[in-house]
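Structural overview
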Amino acid sequence: MRVTNGRRVFFTWTGPARRGAALMAGAIAALALAGPGCSQPRQAKKVEPVVRDVPAVLRGTIGAETTFRGIEPQLVSDFGIVVGLNGTGGGELPESIQATMERELARGGVGKGSPGNLGPLEGVTPKEFLRDTSVAVVIVEAAIPPGAPKASTFEVRVRTLPGSTVTSLEGGTLWTTDLRIGPATVFTGVKSRKIAEAHGPIFVNPFAEPGKSGEDAIGRTVGRVLAGGVVTDPLQLELVLDNESHARARSIQEAIRYRFPEGPGDDGPIVRGRSGGSLALRVPRAYTDRPAEFIELVRHTRIEQVMAQEYARRYVEELKNQPALATDIGWCLRALGKVSVPFLLPMYDYPELVPRMAALEAGAKLDDVRAVPYLEDLAMSGPPGFQAAAIELLGGMRSNPRINEALRHLVNAPDLDVRVSAYEALAERGDPMIERVVMGDDPTQPKFMIDTVPANDAMIYVTQRGQPRIVLFGSSSDLSPGGAPGSLSLAPEAMVSAWSDRLMVARDPGIARVRVLYRDARSGQKTEQSLGPTLAELIRFLAHKPTPEDPAPGLNLTYSEVVGALYEIQRQGGVPATFATERDRMAAAIYEAGTASLADRPENSAAAGAGQDVNVFVPRKPAMAGPAAGEGQGPAGRPSLVVPISPKTPAGGKKNKAS
C-alpha cells in the first residue's frame, strides 16, 4: 500500500511476487521464534563402530564382521492323517482338533457330494472317516536343517495326540501334510508360513512286537517317515553387517560371488544386496545336501580377495602355533580354494594329530590326491574317532581305485563305527562290491533296499535316516555244521518263534531249506513257504508284495516289520551275526529346534485372549538327548553313530559267538 495525494492506494500481489513475499515472511517468523541459538550448527550423532574380539588370524573374514540369521534348525509341524492301520486307530478327538481336521478333509475332497468322494471314501463324511479304526490323527514334526534349499529332503517324526486311544501306527502311511513354522496348532490360532510338506510310509520301533496293544505297544505310537519331508518354500539366510556400510556390503557380496559363482541349477546369484546393513543369501544347488558346509565356507571367506597365497601360508603357520584354532583355520584354508593345496602338503604328516587332521580334511575337500595315503594310514591305524573321520573324507574324494581298495579292507575292521563308515563310503562311491536289491513296486519311493557287503564277520545293520536300508555284512555261502565265519545264512537246526507265534522260521538239520510260517494279524490268513537258507532270500520274501507283474510269493511286510523279524531271528540265535542300528538323534534335534523357535507365539496368545480355544502342541523332550551313559567318544570328540544290539541267550541254547 502507498499514499498518493492524500488517498490510499492498494496494490495486490499475484503470482511469483506474492509467493516470494510469503516465503520471506515465513522465514523471518521462523528466525524470530528460533531465538539466538539458531545460528549454531547441529551436532552429528556419534556412532561407535562395533569391533569384535576375534583372533588376529580370523580378522578380515566375513564371519568376523557379520551375523548370520536363519542358520538354526527350524521347527516345522502340523496335524496329519495316517491311513492303513490294522484296527489300531480311530477314537474320540478333542473338539478343536476334530473341527480342524474335518475342515481340512472337506477342503481336500472328503465328504458326501465331493469330487474326491469315490472308492472307499464313497458316502463317508469327514467325521465318520476320522473315527475309522484304520485312521489316526497325528502330530507331524521335523527340524529342517539350516539353509535347506528347495526340494531337499529331511526326516519327519510322527506321534499320536496326547491322551489318544490310538495304540499303534504300525503299517500306516502318512497322507501329504503341510508343515508350517513352529509347533502344531488348531485352526483357531493364526497359521504360520508353510515351508515344507511330508508324506510316506511310517517306520515304527522295530524291536516291539507287531499287532500288540497296551504295554507291549510302547514305542509303536511314535514313528518316522524316512526322507519323507520335502522343502517347498525355503527360508532365506541373511547376513547382517556389524557396521552398516554400502561399500563394505558390496565387498562382501563380491567376495561371495567370486567364491561361489552361479552354477547349473542356480536361479540367479547366490547373494543379493539389500542395503548397507544386510545381504540375502541362499544355498547353491551344488550344496543341496550339505547346507551347513556352505554356511561355514561363507563364514570363513576373506572379504578382500587379494594375496590369497600369502594368507594360505599364514594360515598354515598359525595351524602349527595355535592348534586350538585348527577347526576354524581348516575352514579358512578350504575357503581360499585350490591356492591352499601347496601349503597344506607339508602338514599331511605333521607330528601333532589335531593340526594334521585339519590339514588333511582341507586337502581332501579340495580334492588333493596327495592326501590319500596319509588318510589311509589314519583310517587303518588311527584312534577310533579319527579313523571314521578319515574314512568319510576318503569316501567323498574323486574316483580312485586305491581308495576303494582300502575301504574294502576296512569293512572287516573290529570297530563297528569303522566298519559301517567304510560301507557308507563305498556306497557313496558306487563300488560294485556292494550288491543292491530294491524292494517295493514304486521305483520313485522304494520300500527299502538290501545291500550285501562281502566281509569276514557277519553283521546286520539297519538305517534310521535317509533311504531305508538293510545292510548284510558277510558271506552268502551256506553255514556248514562245522561253522563258516561270516555266513549270512540261517544256522542249521535254527528254530525261531516270534510275535506270539505268528511268525515261525525253522531249518531242519542237514536240509538246505528254510520253512516259514506266518499268520496275518488282520485277516488271520496263514502262509507257509519253503525258501533257500540265505538271509537275503528270506528278507525278499518277507517284504515282497505279489502283483500280476511279479506274482512271486511274499508277505508284504513293512520295513519296520522286516527289521523286527530279523532282530528276533538274530536274538534267538537263528543267525550268528552282530545286529546294529544307527543312533537316533532326530527327537533331540526336534526338541532343541522347538525350544529355540515359537514356543510362545504371539498370534496364539492374542487368540486365547479373545476367548478362543487354542491348543499348541510343542515337541516332547526326549528321554536322552545325547550319547548313552558310558558311551565312548573318539579323541576327535566324534560320538559313536552305531548302536550294537546284543542278543539274549536263546531258550535251550547258548549265545552265538558273534554276540
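Residues numbered from 1 in each chain as written. Predicted model: local features only at pLDDT ≥ 70, side-chain atom pairs only at ≥ 80, totals over all residues. Heavy atoms only, no water.

**Comments concerning the overall build of the protein chain**
Looking only at helices and strands, the protein chain has 17 helices and 25 strands in total. Residues classed as buried in the protein chain amount to 47% of the 659 residues present. At a minimum sequence separation of 6, the contacts of the protein chain that also span at least 24 residues come to 65%. (Helix = DSSP H or I, 4+ residues; strand = E, 2+ residues; numbered from the N terminus. Buried < 20%, exposed > 50% of the residue type's maximum accessible area, 1.4 Å probe, protein only. Contact = heavy atoms within 4.5 Å.)

**Considerations on the layout of surface pockets**
Here the second largest pocket defines a volume of roughly 1,200 Å³. Residue contributions to the lining of the second largest pocket peak at five residues, all from strand β11 (residues 222-231). When its residues are assigned to classes, the lining of the second largest pocket shows 16 nonpolar, 20 polar and 10 charged. (1 Å grid on protein atoms, 1.4 Å probe; cavity = no way out; pocket = protein on both sides within 12 Å on 5 of 7 lines; lining within 4 Å. Points joined across faces, edges and corners; volume = space filled by probe spheres on them. Nonpolar A, V, L, I, M, F, W, Y, C, P; charged D, E, K, R; others polar.)

**Side note on the pairing of strand β17 (residues 459-462)**
Because side chains alternate across β17, one face comprises the buried residues Met 459 and Tyr 461, and the other comprises Ile 460 and Val 462, equally buried. Hairpin remark: β17 followed by strand β18 (residues 469-474), antiparallel, with six residues in the connecting loop; positive phi at Gly 466, about 65°. Across four bridges, β17 lies against strand β23 (residues 578-582) in parallel orientation. Within β23, the residue paired with Ile 460 across the bridge is Phe 579. (Pairing = 2+ DSSP bridges.)

**Things to note about the sheet that holds strand β19 (residues 495-498)**
One open sheet accounts for four strands, arranged β19-β20-β21-β22; its pairing is antiparallel. Of all the strands in the sheet, just β19 and β22 (526-531) have a single pairing partner and so form its edges. Pairwise comparison of adjacent strand axes, ignoring direction, gives a mean angle of 10° for this sheet. As judged from the six bridges shared by strand β21 (residues 514-519) and β22, these two strands associate in the antiparallel manner. From the neighbouring strand, Tyr 518 faces β22, where its bridge partner is Thr 527. (Axes fitted to C-alpha atoms, helices over the stretch in contact; angles between N-to-C directions.)

**Here we look at the packing of helix α14 (residues 535-543) against helix α15 (residues 559-571)**
Think of two packed helices as two axes; the pair is described by the angle between the axes and how far apart they sit. Contact geometry for α14 and α15: axes closest at 10 Å, N-to-C directions at 140°. Between α14 and α15, the angle falls in the class oblique. Seen from above, α14 lies across α15 with right-handed handedness. Contacts from Leu 535, Leu 538, Ile 539, Leu 542 and Ala 543 in α14 reach Val 562, Ala 565, Leu 566 and Ile 569 in α15. For the contact of α14 with α15, the class distribution of residues is nine nonpolar, no polar and no charged. (Parallel < 35°, antiparallel > 145°, perpendicular 65-115°, else oblique. Left-handed = near helix turned anticlockwise from the far one by under 90°.)

**Focus on the nonpolar core**
Counting residues in hydrophobic clusters, the biggest one holds 55 residues, and the most contacted among them are Leu 375, Ile 391, Val 453 and Phe 473. At seven residues, the largest contribution of residues to this core is made by helix α13 (residues 416-428). Dropping the residues within four chain positions of it, Ile 391 is found in contact with Ala 379, Leu 407, Leu 410, Val 418, Ser 421, Ala 422 and Ala 425. Counting residues in each nonpolar core, the second largest holds 40 residues, with Leu 531, Phe 541, Tyr 559 and Val 575 among its members. (Core = buried A, V, L, I, M, F, W, Y, C linked by side-chain atoms within 4.5 Å.)

**Details of the packing of aromatic side chains**
Per the counting criterion, the structure on display carries 10 aromatic pairs. Between the aromatic rings of Phe 203 and Tyr 559, the centroid separation amounts to 4.9 Å while the plane-to-plane angle is 35°, which identifies the pairing as tilted. Within this pair, whereas Phe 203 is found in strand β10 (residues 203-204), its partner Tyr 559 is found in helix α15, the two being separated by 356 residues in sequence. On the accessibility criterion, Phe 203 (7% relative accessible area) is buried. Members of the aromatic cluster, connected to one another through ring pairs, are Phe 203, Phe 448 and Tyr 559. Taking the ring centre of Phe 260 as reference, the NZ or CZ of Arg 259 above it sits at 4.9 Å. (Phe/Tyr/Trp six-rings, centres within 6.5 Å; stacked < 30°, edge-to-face > 60°. Lys NZ or Arg CZ within 6 Å of the ring centre and 35° of its normal.)

**Some remarks on the confidence of the model for the protein chain**
Across the protein chain, the average pLDDT comes to 82, with 78% of residues at or above 70. Low confidence marks residues 213-218, where pLDDT is under 50. Its contacts with residues over four positions away, or in another chain, come to seven contacts. Segment residues 624-637 is flagged for pLDDT under 50; beyond a separation of four residues in sequence, or across chains, it makes 21 contacts in the model. (pLDDT = per-residue confidence, 0-100.)

**Some points on a negative patch on the surface**
A cluster of acidic residues, Asp 441, Asp 442, Glu 549 and Asp 550, forms a negative patch at the surface. Accessibility expressed as a relative area gives 69% for Glu 549, which makes it exposed. (Patch = residues over 30% accessible without salt bridge, like charges linked within 9 Å, V, L, I, M, F, W, Y side chains within 5 Å. Areas by Shrake-Rupley, 256 points an atom, 1.4 Å probe, with all protein chains shown as cover. Salt bridge = Lys/Arg side-chain N within 4 Å of Asp/Glu carboxyl O. Lys, Arg positive; Asp, Glu negative; His and termini not counted. Charge placed at Lys NZ, Arg CZ, Asp CG, Glu CD.)

**Considerations on unusual backbone geometry**
With the exception of glycine, most residues fall at negative phi, and the peptide bonds are largely trans. For Met 307, which is not glycine, the phi torsion reads 50° and is therefore positive. Along the polypeptide, Met 307 turns up in the loop between α5 (291-299) and α6 (308-321). With a phi angle near 60°, Asp 367 is a residue other than glycine that sits in the positive phi range.

**A word on the sheet that holds strand β14 (residues 278-281)**
Judged by pairing direction, the sheet is antiparallel, and its four strands sit side by side in the order β3-β12-β14-β13 without closing on themselves. Lying at the two open borders of the sheet, with one neighbouring strand each, are β3 (66-69) and β13 (271-273). Going across the sheet, the axis of each strand differs from the next one's by a mean of 25°, ignoring polarity. Across the sheet, helix α4 (residues 246-259) touches β3, β12 (237-241), β13 and β14, and the angle it forms with β13 is around 165°. Contacts from α5 reach β3, β12 and β14, with the element oriented near 165° to β3.

**A look at the side chain of Thr 288**
Mapped onto the elements, Thr 288 comes out in the loop between β14 and α5. By relative accessible area, which is 15% here, Thr 288 ends up buried. Of note is the side chain of Thr 288, whose polar atom sits 2.7 Å from the backbone oxygen of Arg 285. Once residues lying within four places of it in the same chain are set aside, the contact partners of Thr 288 are Pro 149 and Ser 152. (Polar contact = N/O pair within 3.5 Å; in protein donor to acceptor, adjacent residues only side chain to side chain.)

**Overview of empty space enclosed by the protein**
Scanning the entire structure with this criterion turns up three cavities of 30 Å³ or more. In this model, the largest cavity occupies a volume close to 50 Å³. For the largest cavity, the full set of lining residues is Gly 90, Gly 91, Leu 93, Leu 130, Val 135, Ala 136, Val 137, Leu 161, Ser 164 and Val 166. Here the lining of the largest cavity is built from residues that sort into seven nonpolar, three polar and no charged.

**As for the pairing of β19**
Burial of β19 is one-sided: the residues Val 496 and Ala 498 facing one way are buried, the residues Met 495 and Ser 497 facing the other way are not. Direction of pairing for β19 relative to strand β20 (residues 503-506): antiparallel, over a ladder of four bridges. Residue pairing in the sheet places Ser 497 in a bridge with Met 504 of β20. Between β19 and β20, which pair antiparallel one after the other, the connecting turn spans four residues, and Trp 499 there sits at a positive phi close to 55°.

**Quick look at helix α16 (residues 586-595)**
Those residues of α16 not exposed but buried are Met 586, Ala 587, Ala 588, Ile 590, Ala 593 and Gly 594. Of the surrounding elements, those touching the buried residues of α16 are β4 (74-83), β5 (136-144), β6 (153-160) and β11.

**Section: helix α12 (residues 401-410)**
Along an α-helix, residues three or four apart share an orientation, since each turn contains 3.6 residues. Looking only at α12, the buried set comprises Ile 403, Asn 404, Ala 406, Leu 407 and Leu 410. Down the axis, α12 shows its buried residues gathered within 165° of arc, on one side only. For α12, the exposed residues lying more than 90 degrees away from the buried face are Pro 401 and His 409. In this structure, the buried side of α12 is in contact with α10 (372-381), α11 (384-395) and α13. Two or three places before Arg 402, at the opening of α12, Asn 400 has a side-chain oxygen 2.9 Å from that residue's backbone nitrogen. (Arc of directions from axis to C-beta.)

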